[in-house]
Amino acid sequence: MEGVIVRSNSSSPLATTPFKRETQSEFPSKQPKMSLNNTHEPVSIKLIPKRITEAHLNYLCEKGRLREAIAALDSISERGSKVRTDTFNRLIKSCTQANSIHLGRKLHNHIGLVSVLDPFTETKLLGMYAKCGSFEDARKVFDEMRERNLYTWSAMIGACSREQRWKEVVGLFYKMVMGDGIVPDYFLFTKILQACGKCGDVETGRLIHSIAIRSGMSYETRLANSILAVYAKCGRLDWAKRFFWKMEVKNKVSWNSIITGYCLKGEIREARKVFDFMREEGIEPNLVTWNILITSYNQSGNFELAMEMMEEMQSFEITPDVVTWTTMISGLAQNNRVSQALEMFGEMLLAGVEPNEITVTAVISACASLKALPIGVELHSFAVKIGCTENVLVGNSLIDMYSKCGKLDAAQRAFDLIAMKDVYSWNSMIGGYCQAGYLGKAHDLFSKMQISDVPPNVVTWNTMITGYMRNGDEDQGMDLFQKMVKDGTIKRDTASWNTVISGYLQNGNKNKALGIFRQMQSLFVRLNSISILSLLPACANLIAVKKVKEIHGCVLRRSLQPELAVANSLIDSYAKSGTILYSRNIFDGMSNKDVTTWNRMIAGYVLHGHSCVALNLFDLMEKVGLKPNGETFVSIISACGPAGMVDEGKRFFSSMTENYNISPDLDHYLAMIHLFGRSGRLEEAIEFVKNMAIEPDFSVWSALLTAGRIHGNTRLVVLAGERLLGLKPGDAFIQRFVLQTCASCGISADCLNMRNHSTGNETKESLGLSWIELRNRVHTFVAGDQSKTNSDILYPWIRSIARKIRGCAPRDGLCIQEEEKEETGGVHSEKLAIAFALFGTPQASQCIRVVNSLRICGDCHQTAKFISRTYRCEIYLCIEEGQMEEIRGIGVSGFSAESGKFKNSTAKDGRNTSSSQMFGEPFIWMNRLEDGIKGRTTPKEHKDRMIEGFNQNKVSAIAFLQAKATTNSGARHTGQKSPNRKLWEKFICSRAEVKRRRSLRHGGKLRPRQPSDVIVFVGCLWIRPTINLKIQLRRFYKRQLRISMIPRQRSMEEFLPLPCL
């Protein structure tokens, strides 16, 4: 046996007798076999483990060998043994400390080994599941418990609080009290009150307050602070203040709660007073107190005050923490101070404060707003360095930043790195692809999302619909819109409808957009401000005034008028639809007005030709302390043109840069060119164009061409015409317009450099279209159209009107033809539309609104004036939006029945706005006088000469009044109705109207009673009648009259009642 080595796992091959006895009793009697061979392989001896005891389980738990301890329970289960309750509880505690939900579930499977299962063990098991993040398992254990005590309810409420299921916490409280009859203790009440504050359940908070008073716990400071926090967070500031001042003991938490209540209510000044009083009481604010005020200042947009608070905080040797810096950075980014937000982030790093995920998210979002890709890439590197790229908030901000910067590959990589993607991650990535036009990739990602753990929400569907509609694929967008209803998983919200409406409007399908809007109303979908703001601009034209009123009715029913953006849009829409009085009514009824509100109202008056009212509004705007912007000055300079106030316009233009630091853009330059062109200062206009800081574009040369045509400046016509043809050589209408302008000025086409352009013979004749709305239907007319059912009546009537006009030639300023001549193309469409309106609805033809696709010719212009004067109706004509806007602009031209007055509110169309286009035959004398002095006098001299002309021609004025009063002189005394009674009341007012006007002009105090008042309006000025005129008027009426004079500075709207909606 020499040389043989026997290897064994045991320490000794021999055993003593007692050991053998012990092994015989616990192990099988069969001895292990020993194998000897020449290979010297070790001898393996199989040892059977000894019996597992509870002491051994406790030993394994203490040593952290939890897996072995739970595995040992299998052998105990096979033996049919039991485990004491305290041993099992110790195992549950070890699973909780190890945060191992897997081992906890294995341990739960051995719950039957517990000798006596009591509620304490089940509560420990419930708490283990809750702390390990498995709320569903915790809820299952709770529901299966037969007996629940206070600790069980506390554990379940704590589990719901950990998952932020605040409403479930409140529900458990009622089940606990009303079902099991268990009253919470002091600690549990604080958790329930926290849930009440989070979900806004102030009634439950009041109930707990009453229970605390009856049970004598209301004096506990922590419970009192929780009750105070509920009242403050739920907006019951009065209750919170009353409760706070009655508290016997107030600590810093109490003061923080009441300050938070003031801040949530928006009463930041009161919050600051409480803050100062807190310090007077000897309680120094802590970091949380300072952060509450700084956050409130930032959320309200008072960044300067927030910065002062931060500096004051540092003066008290309180160092700002990451919450303070993050609040400042987020406040700057949300208030469009993105550059300052990035600078603040740099200061934060220099101060040695390490940013967290929220800070990085705010800074990256700021870069996305600026589209600052280089800075965003640096921040991405910083996020990688601090290890927060897998955070879902940071990842979502990176996706948004890269998508807005057009780096979709980088956005996709950031998307792939997010471990736990939420719905915002998917929506951001899909939105990035849709915005870039990659609808195929967006649809693929949308399909993957549908089979992922995160299903699409309504925002996802809306994003896809927006992408299709924005890229012109309306059918696919509508398919998705309809599929939302068919699937039934996602319910369409208001944003879904707004998306479709906006898409149709963006693609020019106004009728489909209005159809969706009506369908939206029929299904009782609640409108919001976005719905209104999308639709109103589409209805801002002459023939859609009923649609504007309909939408206005929806605004009133939904109580959306207090929203500033909605009211501003209504003002603009009513003005563009020809109802400026409605705009003024809304404007006067607004309690809060911003710069946009004033701009819309001023622009509306400029559009309607009320330049003096617009200038007065501008002065009032400055008096109330609002600073005008660039849009304001465009309207004001445009208002100076029709009023002939060239010097005032130049002063406004200069004050933009000198007083308001506003750099002029193309709109300002264009308004100045129109101003010079209207007044005939063409040399100044040419010099102004040469000195422009930006390159003149098509609209500038169009304005110069129009000015040269009106004033017969051949050199300017040739210069502007060549530039226009050079900018748009292939535009047939431009060639036609330039050639007709040259022909009207007596210039041969050979003078123009048209070698590289096609001649006028190659241009196609434009097809004139007109639209009119009658009985809620829009009728379309084409030049020469005879398809209407009553064409056999319309055409003879139009020919008879032409014979009555007796070939009145149009003025030179209106002779540019865009349509074919009627000899070749048939009767123009606007004549057909006006005739159709008069014959279609004679009872509602007091106001006719026509929208044209082209500029009306001179003959149509004279025809409209004649019809307006003869049939006592107002006719509004405007050019369709988007048709040759550079040359004509967009405006409203109206013909009023009072003396056949023609109202021209187009500020940019270049037409001559002399009085001959504004008044009928009774004021021919005034027209000629004004033509002789306009453009060569100051406004004051102009007014004086107008008054002088009126004094010299008072007989004509009396004749005018006689003509208007002829049919009414008897009716006035007999009380009979007369067809011209409304016209007469414009001059001879009723006694009630006289009282109202006297009260308006005298601060509400009636002046002495007078027999009657006569208000005479001539031209654009309210003028003072002379003594001789008064005498002649009194002789004419054979009684005493008081002839009032209204100052020029006052608006006519102040003396006329506003219509009610």
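Residues numbered from 1 in each chain as written. Predicted model: local features only at pLDDT ≥ 70, side-chain atom pairs only at ≥ 80, totals over all residues. Heavy atoms only, no water.

1. A word on the packing of helix α38 (residues 666–679) against helix α40 (residues 698–711)
Line of reasoning, step 1. Two elements in contact, α38 and α40, have axes separated by 9 Å at closest approach and are oriented at 5 degrees. The angle between α38 and α40 falls in the class roughly parallel. Between α38, through L666, L670, I673, H674, G677, R678 and S679, and α40, the contact on the second element is made entirely by S699, V700, A703, L704, A707 and H711.
Line of reasoning, step 2. Here the contact of α38 with α40 is built from residues that sort into seven nonpolar, five polar and one charged. (Axes fitted to C-alpha atoms, helices over the stretch in contact; angles between N-to-C directions. Helix = DSSP H or I, 4+ residues; strand = E, 2+ residues; numbered from the N terminus. Parallel < 35°, antiparallel > 145°, perpendicular 65-115°, else oblique. Contact = heavy atoms within 4.5 Å. Nonpolar A, V, L, I, M, F, W, Y, C, P; charged D, E, K, R; others polar.)

2. Some points on helix α6 (residues 119–131)
Line of reasoning, step 1. Over its 13 residues, α6 extends 18 Å from the first C-alpha to the last, a length consistent with the 18 Å expected when each residue adds 1.5 Å.
Line of reasoning, step 2. When we look at burial in α6, the residues that qualify are P119, T121, E122, T123, L125, L126, G127, M128, Y129 and A130.
Line of reasoning, step 3. Summarising the contacts, the buried residues of α6 are in contact with α4 (85–98), α5 (101–109), α7 (135–144) and α8 (150–162).
Line of reasoning, step 4. Backbone geometry just downstream of α6 places G133 in the positive-phi region, at approximately 95 degrees. (Expected span 1.5 Å × (residues − 1). Buried < 20%, exposed > 50% of the residue type's maximum accessible area, 1.4 Å probe, protein only.)

3. Digging into a nonpolar patch on the surface
Line of reasoning, step 1. A contiguous nonpolar patch, built from Y174, M178 and L207 and spanning about 300 Å² of accessible area, is present on the exposed surface.
Line of reasoning, step 2. By the secondary structure assignment, L207 is in helix α11 (residues 202–215). (Patch = residues over 30% accessible without salt bridge, like charges linked within 9 Å, V, L, I, M, F, W, Y side chains within 5 Å. Areas by Shrake-Rupley, 256 points an atom, 1.4 Å probe, with all protein chains shown as cover. Salt bridge = Lys/Arg side-chain N within 4 Å of Asp/Glu carboxyl O.)

4. Notes on the packing of helix α33 (residues 580–589) against helix α34 (residues 595–607)
Line of reasoning, step 1. Look at α33 against α34: their axes get within 10 Å of each other, and the N-to-C directions meet at 155 degrees. One element, α33, and the other, α34, form an angle in the roughly antiparallel class. By crossing handedness, the relation of α33 to α34 is classed as left-handed. Residues I580, S583, R584 and F587 of α33 lie in contact with α34, whose contacting residues are T597, W598, M601, G604 and Y605. (Left-handed = near helix turned anticlockwise from the far one by under 90°.)

5. Side note on the pairing of strand β2 (residues 777–782)
Successive side chains on a regular strand alternate, one facing one side of the sheet and the next facing the other.
Line of reasoning, step 1. In terms of strand pairing, strand β1 (residues 769–774) meets β2 through six bridges, oriented antiparallel. Bridge assignment links L769 to a residue of β2, and that residue is V782.
Line of reasoning, step 2. Here β1 folds back onto β2 in antiparallel fashion, the turn holding two residues, of which R775 has a positive phi close to 55 degrees. (Pairing = 2+ DSSP bridges.)

6. Structural notes on the packing of aromatic side chains
Line of reasoning, step 1. Taken as a whole and judged by the stated rule, the model has 28 aromatic pairs.
Line of reasoning, step 2. We note R492 situated over the ring of F481; from NZ or CZ to the ring centre the distance is 4.1 Å.
Line of reasoning, step 3. Between the NZ or CZ atom of K593 and the centre of the ring of F587, over which it lies, the distance is 5.0 Å. (Phe/Tyr/Trp six-rings, centres within 6.5 Å; stacked < 30°, edge-to-face > 60°. Lys NZ or Arg CZ within 6 Å of the ring centre and 35° of its normal.)

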